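As a plain string of letters, each chain reads:
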Amino acid sequence: MQLERLLHSQGFGTRKECRALVRAGYVRIGGQEMDDPFADIPTPGLVLEVDGEAWPYHERAYLMLHKPGGFECSQRPQFHPSVFGLLPDPLVRRGVQSVGRLDEDTTGLLLFSDDGQFIHVWSSGKKRIPKVYEVTTRHPVDGALVDRLLAGVELHDEIIPVAAAACLKTGSHGLRLTVTEGKYHQVKRMVAAAGNRVEALHRSQVGGLDLPADLGVGEWRWLETRDLARLSDFSTSP
C-alpha cells in the first residue's frame with residue numbers, strides 16, 4: 001500500500017496531510033526515515049514510527065478501554081468529558097466507535113472498533129451476549145435479593161419480567177450480576193425493582209473477555225487475536 005494511503009488509513013490525517021508528514025521527515029519504518037509518500041509498503045507485521053511514536057498497523061481497529069467514572073460514551077458529551085478524549089487522536093480520526101455504552105458513573109470494560117459488523121454484533125441485545133457487572137448496593141444483600149434477580153423482576157415498559165443470567169453475592173453490599181439483554185440502565189433498574197439501589201457499578205467482563213488486571217483506569221490497548229478469541233468464547237461465562 002502507498003505510504004500516504006497507509007498513514008491515512010491509520011488516522012494520521014487527510015492524504016495531503018500524510019504526504020506532508022512524510023516529506024517533513026516525521027515517518028520512519030524500521031528506524032529508516034521515509035521520504036517518498038508514494039512508496040509501496042507491505043503491511044504484514046508493519047510498525048510505523050510517526051513523530052517518534054511507534055504505531056502498529058491494523059487494518060481494522062479493535063481495542064479495549066478501562067473506563068473511569070465521570071466520562072460520557074459520546075463524541076458530543078453534554079455534562080462530562082468524552083471517553084474518546086482518552087484515546088489517541090489517530091484512533092478518533094479513523095472513526096472508532098464505542099461498542100455499546102456505559103453510563104457516566106459506570107466504570108470498567110468498554111470496547112471500541114471501526115468495524116461496523118463487529119460493533120453491530122457485540123452491541124446487539126438480540127445476540128444475548130453476557131456482560132458481567134460488579135455491583136455495590138446501598139442496602140445489604142441477602143439471598144432473597146439474589147433470588148428475585150434470578151427469577152426476574154418487572155421493569156417499566158417491559159412486557160415480561162427480566163431475569164439475571166447469573167447472580168452471586170460477593171459481600172455484605174456486593175453482587176456479581178450477569179445480564180444478556182443490554183436494556184437501557186438495565187442493572188440499575190433491575191436492582192431497584194428487586195428492592196435495593198446501585199451505589200457503584202463496574203463492568204468486569206464482556207462475552208468471555210475479562211478486563212485485564214494490569215489495564216489501569218483510563219488506559220487502553222489493542223485487542224489481540226487471543227483477546228478476540230476469548231471475547232467469543234463465553235460458553236462457560238458465569
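Cut-offs and rules
- Residues numbered from 1 in each chain as written.
- Predicted model: local features only at pLDDT ≥ 70, side-chain atom pairs only at ≥ 80, totals over all residues.
- Heavy atoms only, no water.
- Buried < 20%, exposed > 50% of the residue type's maximum accessible area, 1.4 Å probe, protein only.
- Helix = DSSP H or I, 4+ residues; strand = E, 2+ residues; numbered from the N terminus.
- Arc of directions from axis to C-beta.
- Contact = heavy atoms within 4.5 Å.
- Phe/Tyr/Trp six-rings, centres within 6.5 Å; stacked < 30°, edge-to-face > 60°.

**Student:** What's the story with helix α2 (residues 15-23) in this structure? I'm lost.
**Tutor:** Spacing of three or four residues puts side chains on the same side of an α-helix, whose turn is 3.6 residues. Three or more residues of α2 are buried, namely Cys-18, Leu-21 and Val-22. Viewed along the axis of α2, the buried residues span an arc of 95 degrees, placing them on a single side of the element. Exposed and facing more than 90 degrees away from the buried side of α2 are Lys-16 and Arg-23. At its buried positions, α2 is contacted by α1 (3-9), β1 (27-29) and β3 (47-50). Backbone geometry just after α2 places Gly-25 at a positive phi near 85 degrees.

**Student:** How should the packing of aromatic side chains be read in this particular structure?
**Tutor:** Centre-to-centre distance and the angle between the planes together describe a pair of aromatic rings. All chains considered together, the criterion is met by 6 aromatic pairs. Arranged with centres 5.8 Å apart and planes meeting at 80 degrees, the rings of Trp-55 and Trp-222 form a pair that is edge-to-face. Taken together, the residues span a long stretch of sequence, with Trp-55 in strand β4 (residues 53-56) and Trp-222 in strand β13 (residues 220-222) at a distance of 167 residues. Overall, the relative accessible area of 11% leaves Trp-222 in the buried class. Pairwise contacts between aromatic rings join Phe-12, Trp-55, Trp-220 and Trp-222 into one cluster.

**Student:** I keep staring at the side chain of His-66 and nothing clicks. Help me out?
**Tutor:** With respect to the helices and strands, the residue His-66 is situated in strand β5 (residues 62-67). The class for His-66 is buried, based on a relative accessible area of 11%. Sequence-distant contacts of His-66, that is, excluding residues within four places in its chain, are made with Gly-108, His-202, Leu-211, Leu-215, Gly-216, Val-217, Gly-218 and Glu-219.

**Student:** Where do I start with helix α5 (residues 143-151) in this structure?
**Tutor:** Among the residues of α5, those classed as buried are Leu-145, Val-146 and Leu-149. End-on view of α5: buried residues confined to an arc of 100 degrees, all on one side of the axis. The exposed residues of α5 that point more than 90 degrees off its buried face are Asp-147 and Ala-151. Within two residues after α5, Gly-152 carries a phi angle of roughly 115 degrees, on the positive side.

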